[in-house]
Amino acid sequence: MADPRADPGRFASASVRRQGAPAATSASGGARGLWRRLARGCCGCCGCCGNRDRNRDWEPIPGEVPGRRAATPLRPGLLAPVRLRPGTSANRVAHHTQEFARRPLVVRRGQRFHVGVALPRPLREGDALCLELTLGPTPQVAKGTHVLVPLGGTSATGWTAETDEGVAEALGGVAGSDHTLWVGLTAPPTAPIGRYRLSARTRSDAGEFAAPFETDNDVVVLFNPWCPEDSVYMENTSDLSEYVLNESGRIFYGTEEQIAERSWNYGQFEPGVLDACLFILDRRGMPHSARGDPVMVARVVSAMVNSLDDSGVLVGNWTGDYSQGTNPSAWAGSVGILRSFHGSGAPVRYGQCWVFAGVVTTVLRCLGLPTRTVTNYNSAHDTDTSLTTDIYLDEGMRPLERLNTDSVWNFHVWNDCWMKRPDLPDGYDGWQVVDATPQETSSGLFCCGPCSVTAVKNGDVFLKYDTPFVFAEVNSDKVYWQRQPHGGFSVVHVEPGAIGRRISTLGPAGAARVDITDQYKHPEGSEEERRAVSTATSHGSRPRRAAASAPGEVTLTLGSAAAVAGAELELRAVVKNQGLEPRTLLLRLSLCAVRYTGVAGAAFRQEQHRRTLPPGQEDTVTMAVSYAEYQPHVGDQDALKLTAAGAVQESGQVLAKELLVRLHTPELTLTLLGPAVVGQDVPVQIVFQNPLPKPLSGASLRMEGAGIACPKPAALGTVGAGQTLRLSQSVTPLRPGRRRLVAALESAALPPLHGSLQFEALTGSTGSTGSDTGGTGGTGRDGGRRRRRRGRPGGSTGG
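The shown structure was predicted, so the numbers you read here are calculated from the model rather than taken from an experiment. (Residues numbered from 1 in each chain as written. Predicted model: local features only at pLDDT ≥ 70, side-chain atom pairs only at ≥ 80, totals over all residues. Heavy atoms only, no water.)

Undergrad: I'd love a proper account of the nonpolar core, names of residues and values included.
TA: Proteins that are soluble and globular tend to have nonpolar side chains buried together. Residues Trp 354 and Leu 367 are the most contacted members of the largest nonpolar core, which totals 60 residues. Of all the elements in the fold, those that place two or more residues in this core are strand S10 (219–222), strand S11 (248–254), strand S12 (259–265), helix H5 (273–284), helix H6 (294–304), helix H7 (335–344), helix H8 (353–367) and strand S17 (407–419). In terms of residue count, the dominant contributor to this core is H8 (11 residues). Contact partners of Leu 367, with chain neighbours within four places excluded, come to Ile 193, Leu 222, Phe 223, Cys 277, Leu 278, Leu 281 and Val 297. Judged by nonpolar contacts, the second largest core, of 57 residues, contains Ala 573, Tyr 627, Tyr 630 and Leu 668. (Core = buried A, V, L, I, M, F, W, Y, C linked by side-chain atoms within 4.5 Å. Buried < 20%, exposed > 50% of the residue type's maximum accessible area, 1.4 Å probe, protein only. Helix = DSSP H or I, 4+ residues; strand = E, 2+ residues; numbered from the N terminus. Contact = heavy atoms within 4.5 Å.)

Now the structure itself:
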């Protein structure tokens, strides 16, 4: 047999029925009896032998390890395929897989693709061909991982193969043979996903021939959200341009009142990423036969993207010490993370919620599941399954941090993936929450989901998976408890609308933030919302207790002026008496740094104020905090938390509020300095202004982009206080089309600063000069498909 590596095509196989033979109806006799009849001259398909069902003729070869067949000597007269060619350019476009590398062929289940079988002679009456596919190390026919599909017939698990004369006329033959048979092969819409080995088996008068399995002939089968019979089908297929095909996106962070965004390079079509995604399933030991179920695939991915339990992809780190790895804020995409994990098998250091979510989006989109990255502001972490977020205060209204085990994250990022849920009652299909950030265990493992968004909205916390935890993240009440003289605690204030605010994702058009809070919860205070909360908390560990109504009409509002890193911070508390009688208010203000996970540091500023409010009047209490005072306490991704708590002297009314303030940092400005042409270097200018009242030193720059070869991270010089840095780096577009370059500048004195640039890469002598979009982070990678000049980190600074 010719060496298949001499041509990019691959070996395949099919089964051919005699022209004019009736459709298969029944079977009698085994393979041994059939071969005896064939030896007597019976064709085996006319029905005289009682064996019209040719599908049962093909069986695994006894004693052979499927998928590992070696080449065997050819006996004269055997019908041995010369070469196979899986897939055509039209197949890749029709299956929406043209951005993957050409080999191995990547297709989607439930949709036909073509295999060219080059034969040494035309097929004759009585000849038969069978396509054989195997998945995993121990494939079995009954489990759908060993597939024997005859031409014109159907395999035991629903694969079909048909001769396609139209393709034969359009494409002609396969190189190396004058006799090519084009076969249309279709995996059922329930087939396990993964990398299948592909081979051909033939029968002729001279006997049976089984072609060897060649790596170049492998076929990767993915989920198919364009196929109505696939359980991941999305009816509004135009949305799939974002949720499956978009290689870049934006992840939102910050606080409810100060929403920020950063670009992220998902890079699901980049070389090596698909192999890494399949490796993740292998590393978990997921049975290949179970990989046709998107519910189980998503659950395995949520467990494997964090390193707890199973040495998965990313090590979580919220300590602020990242000396043994990469600062989570410095990553700009998933590609480098997944390549590192696949190459070394060791978990990558470090990740936090947006990094876990970015990697999950890459993995699930790569495998064919529609996926979006979701940010929830004021996201609760309920540690005692009470389905409330509890805050404990002492007699003087000071927070008791040792008791406050429930935390409210400034923001939390997870994923939604789209699928049917046949394991749940009707009505729970659609978006499903998957969260890879290790917070609480689920069935003994650090994973979360998939959890129906509809179940969360309706408070149906008894449905799997992990619905109580997700419900509490978006719709629990914030309950304030005060210690009483006898040592016990009682509820003094309930804040029903504080949790689950401005839930955000990137819209289908990929252009703007979309608020999807209404998909997760009914309008705050509505009858439906209260009913959902009541339903959910009835399944919690502690019944809901309503706060006693307190007389009085004093209101409390917290706010701040524009907060910029390096500048003085101005905070304010506004109290207003809406009653008809004067009121005296004792108000305590406490300021501390808080990590985005809600973990608060010690208060470094506390004040107590007494205000007398005439009827209908308001008063403002201000707090000014210098950079020198707050800088030692604020770390990467930290915010400042102002807690205000007080009581009205005359009525006993309790007031309590919290305000999170994020310090704004400048974005990087990226500009393309020439045309973007595939395979050619193009310089990019990066501009940054130091916002601090002191010099910035020891900074480094990372860049990354799908379909773009970027330079290695570059060390930068010292940038003076208030000065502007301008530097130039060269990148090389590797694939045509719309590309997004993301960058991150990392230093010890500032959180990583981000910027992005979108441009059109062309395959001619001209290309676009791009548009700066801002708001991203970066991890550079070395690469490219040809030798090229690396950009130099030279630059200039200016006032």
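Undergrad: Please give an account of the packing of aromatic side chains that cites residues and values.
TA: Under the counting rule described, the total for this entry stands at 16 aromatic pairs. Relative to Tyr 596, the ring of Trp 409 lies with its centre 5.4 Å away and its plane at 90°, an arrangement referred to as edge-to-face. A residue pair is termed long-range when its members are at least 10 positions apart, and Trp 409 in strand S17 and Tyr 596 in the loop between strand S26 (583–594) and strand S27 (605–613) qualify at 187 residues. Pair check on accessibility: Trp 409 and Tyr 596 agree, each one buried. (Phe/Tyr/Trp six-rings, centres within 6.5 Å; stacked < 30°, edge-to-face > 60°.)

Undergrad: Outline the sheet that holds strand S30 (residues 654–661), listing residues and values.
TA: Reading across the sheet, the four strands line up as S27-S26-S29-S30 and stay open at both edges, with antiparallel pairing between neighbours. Edge positions in the open sheet fall to S27 and S30, since each of these has one partner strand only. Ignoring strand direction, the axes of neighbouring strands in this sheet form an average angle of 15°. (Pairing = 2+ DSSP bridges. Axes fitted to C-alpha atoms, helices over the stretch in contact; angles between N-to-C directions.)

Undergrad: Give a detailed account of the pairing of S30, specifying residues and quantitative values.
TA: Among the eight residues that make up S30, six are buried, leaving the element largely enclosed by the rest of the structure. Counted between consecutive antiparallel strands, the loop separating strand S29 (residues 639–648) from S30 contains five residues, among which Gly 652 sits at a positive phi close to 80°.

Undergrad: Which residues make up the confidence of the model for the protein, and what values do they have?
TA: For the protein, per-residue confidence averages 84 on the pLDDT scale, and 84% of positions sit at 70 or higher. Note on residues 1–56: pLDDT is under 50 here. Beyond four places in sequence and across chains, it has 139 contacts. The low-confidence segment residues 546–551, where pLDDT is below 50, has six contacts with residues more than four positions distant or belonging to other chains. (pLDDT = per-residue confidence, 0-100.)

Undergrad: How would you explain the sheet that holds strand S19 (residues 451–452) if you had to name every residue and give the values?
TA: What links the strands of a sheet is backbone hydrogen bonding, and the strands pair in either a parallel or an antiparallel sense. What the six strands build is an open sheet, ordered S19-S18-S17-S15-S22-S23; its pairing is antiparallel. Strand pairing shows two members of the sheet lacking a second neighbour, S19 and strand S23 (513–515), which therefore form its edges. Pairing between strand S15 (residues 371–381) and S17: 10 bridges, direction antiparallel. Residue pairing for S17: Thr 373 is matched across the bridge by Asn 415. Against the sheet, H8 engages S15, S17 and strand S18 (430–434), with an angle of about 0° to S17.

Undergrad: A description of helix H10 (residues 467–475) should follow, citing residues and the corresponding values.
TA: Buried residues dominate H10, accounting for eight of its nine residues. Restricting attention to buried positions, one finds in H10 the residues Thr 467, Phe 469, Val 470, Phe 471, Ala 472, Glu 473, Val 474 and Asn 475.

Undergrad: So what's going on with the environment of Pro 422? Which residues, and what values?
TA: Within the secondary structure, Pro 422 sits in the loop between S17 and S18. Linking Pro 422 and Val 295, residues 127 residues apart in sequence, is a C-alpha distance of 9.3 Å.

Undergrad: Got a sec to walk through the packing of H5 against H8? Specific residues and values, please.
TA: Here H5 crosses H8 at 100°, and the two axes come no closer than 10 Å. One finds that H5 runs roughly perpendicular with respect to H8. For the pair formed by H5 and H8, the contact residues are Val 273, Leu 274, Cys 277, Leu 278, Ile 280 and Leu 281 on the first element and Thr 362, Val 363, Cys 366 and Leu 367 on the second. Taken together, the residues of the contact of H5 with H8 sort by class into nine nonpolar, one polar and no charged. (Parallel < 35°, antiparallel > 145°, perpendicular 65-115°, else oblique. Nonpolar A, V, L, I, M, F, W, Y, C, P; charged D, E, K, R; others polar.)

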